Amino acid sequence: MSDYSRNQDSAGKQAIFYIVGWLISIVQIVASAAAIFFLKRSNFVPQKIMIAGIVVLIILILLCRLLMKRKIRTVRFIIGAVIALLISAVLVVASFYVNTFTNTVQNITNSTEEVTRVGVYVRNDDPAQSIQDASDYVFGILDTIERSDTDNAVAQINEELGSFVQVDPYAGMDDLADALLNQECGAIVMSEQYASVISELEGYEGFEDEIREISYYEWSSSVKAPSDSGSEEAAAAEADIQNAINGYGVFTMYISGIDTFGSISTKSRSDVNIIAVVNTNTKQILLVSTPRDYYIPLSISGGAKDKLTHAGIYGVNVSMETLEMLYNIDLNYYFRINFSGFEKLIDSLGGIDVVSENTFDVAPSFHYVEGVNHLDGVSALAFARERHAFSEGDRQRGKNQMAVITGVIQKLQTTAVLNNFTGLMEGLEGSFETDMPYEDLTTLVRNQISAGGSWDIQTYSVDGTGAKASTFSMSKQLYVMNPDQSTVDYARSLIQSIQNNETISVTE
């Protein structure tokens, strides 16, 4: 081969290497830019770390470009190309994870609406299959409880039928159930969650199996009434919250654990009622758990007492206001957990390790030992639901539910997050929602990353004694827990101490 041919061949190879090198560099630049864009969009990364990351990516681009530069040995070119492609692949995968995580968190934050779903029910053996079939029935309704919701549903029924149906009001949920079962009326109109509440009553255990829904009506409403943003009090309260989010104060959150297989936004009984008091200055968190059967006045009951769990069927607002009355505290946010949705979340993590304070069994086949238990979704949910196995009943159940939450948080800090990332994100979106703005959450995370350090979590559960009593929601008696005021007072003192920037150590 002549020198001319060899030079031509060499020039051709150099041109190929040149073009391929620049194509690979462009891929790396685009992948780097995408990673920076999605990280910036997430708003979770502090500015200093973002700048440092950008500098590192630029250095890696220049290094790989140098290795693939024209007129250098082929081995170096291959090394540079492989490194650039590996970096690009990692950045593409990271961008996917960051974008998916950002979308999921955005979907579970800024939740400001709640769904009310009202059903029309007949007896299981009733021939009516639709609202049209029941047009000439007498419809039983609740006289005062959630009357606005009932009236809204009846108005929609009238509109659908083109005529006015006859309604007959009853005082309590159990009276309404009796009217249907005893055929005093042909159908009843009530919020869907009432059926499970009625089934709590002695003698009504099979109520949900004795009725059938023939129609339903649902609508959304604001969880919180809009505040007077122009008032000095509202401005001062918002300033306090923002100071807390930025690391210089205290904010509070109501954590509600609901047990429903429907939408997490639907009004439902709250089986878990935890107040979180977070001091971002001292890095201490206080969790105060209140048993679901606590017998206290609801914010809407005019002083009449009810079980705390029933507050949730009237909306998360009522639960928050009721706890504010009990503990003399203002709650800034709410955070709802759907424990039924936990099954998918926990399974996507490959199970969790939960520390149990007791050895106990849950029918039909679950056995838990004192100490660490590795649980899948179904067994974790059974662990969180059980209360009859304990002398402390609901109080111990509240502790167990906090143990499940702790187990999930600990597992989320491991590489298990990457094993089934898509399933994990789906589980998060179906199991959690909060009205905390996305911007506040990201600010909180950025400040934690910047400041570093660990958080000290203190927990306390108020106590009481079991009794039978009638409630605001029911005329018949059912199990309640009368508060032990000394434990309520102690919880109040702990909350006050956290708010005063004092470091606490809880004693049970």
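The present account deals with the structure reproduced in this document. (Residues numbered from 1 in each chain as written. Predicted model: local features only at pLDDT ≥ 70, side-chain atom pairs only at ≥ 80, totals over all residues. Heavy atoms only, no water.)

The number of helices and strands found in the chain is 17 helices and 19 strands. Taking 23 Å as the expected radius of gyration for a compact globule of 508 residues, we find that the chain reaches 29 Å, considerably beyond that expectation. Considering only C-alpha atoms, the chain reaches an extent of 110 × 60 × 55 Å along its principal axes. Here the chain holds 508 residues, and the buried ones make up 48% of them. Summarising the internal contacts of the chain: among those between residues at least 6 apart in sequence, 72% fall at separations of at least 24. As displayed, the chain has an accessible area near 24,000 Å², and 55% of this comes from carbon and sulfur atoms. Side chains of the chain carry 34 positive and 62 negative charges; the gap between the two charge centres is 18 Å. (Helix = DSSP H or I, 4+ residues; strand = E, 2+ residues; numbered from the N terminus. Rg over C-alpha atoms; globule rule 2.2 N^0.38 Å. Buried < 20%, exposed > 50% of the residue type's maximum accessible area, 1.4 Å probe, protein only. Contact = heavy atoms within 4.5 Å. Areas by Shrake-Rupley, 256 points an atom, 1.4 Å probe, with all protein chains shown as cover. Lys, Arg positive; Asp, Glu negative; His and termini not counted. Charge placed at Lys NZ, Arg CZ, Asp CG, Glu CD.)

Counting buried residues along helix α12 (residues 377-385), seven of its nine residues qualify, which places the element largely inside the surrounding structure. Buried within α12 are the following residues: Gly377, Ser379, Ala380, Leu381, Ala382, Phe383 and Ala384. Looking at the packing, one finds that the buried side of α12 touches α11 (342-348), β12 (352-356), β13 (360-362), β14 (366-368), β15 (371-375) and α13 (394-412). Residue Asp376 occupies the N-cap position of α12, its side-chain oxygen lying 3.4 Å from the main-chain nitrogen of Val378. (Polar contact = N/O pair within 3.5 Å; in protein donor to acceptor, adjacent residues only side chain to side chain.)

Packing of helix α10 (residues 316-327) against helix α17 (residues 485-499) leaves a shortest axis separation of 9 Å and a crossing angle of 95°. On the basis of the axis angle, α10 is roughly perpendicular to α17. Residues Met325, Leu326 and Tyr327 of α10 form the contact with α17, whose own contacting residues are Val488, Ala491, Arg492 and Ile495. Split into classes, the residues belonging to the contact of α10 with α17 amount to six nonpolar, no polar and one charged. (Axes fitted to C-alpha atoms, helices over the stretch in contact; angles between N-to-C directions. Parallel < 35°, antiparallel > 145°, perpendicular 65-115°, else oblique. Nonpolar A, V, L, I, M, F, W, Y, C, P; charged D, E, K, R; others polar.)

As a further point, take the pattern of salt bridges. As a working rule, side chains carrying opposite charge can pair if their charged atoms are close by. Per the stated rule, a full pass over the model turns up 20 salt bridges. Note that Asp178 and Lys476 form a salt bridge whose closest N and O atoms lie 3.0 Å from each other. Of this pair, Asp178 sits in helix α5 (residues 173-181) while Lys476 sits in the loop between β18 (464-469) and β19 (478-483), and the two are 298 residues apart along the sequence. A single network of salt bridges, built from pairs that share partners, joins Asp271, Arg292, Asp293, Lys307 and Arg387. (Salt bridge = Lys/Arg side-chain N within 4 Å of Asp/Glu carboxyl O.)

Next up on the list: the nonpolar core. Ranked by internal contacts, the top residues of the largest apolar core, which has 44 residues, are Phe339, Phe342, Phe383 and Val404. Core analysis: the next-biggest nonpolar cluster, separate from the first, contains 28 residues, Val316, Leu323, Leu494 and Val506 among them. (Core = buried A, V, L, I, M, F, W, Y, C linked by side-chain atoms within 4.5 Å.)

Right, let's talk about the side chain of Ser111 for a bit. As for its position among the elements, Ser111 is in the loop between α3 (74-108) and β1 (113-123). If we skip the residues at most four places from it in the chain, Ser111 touches Tyr334, Glu433, Thr434 and Asp435.

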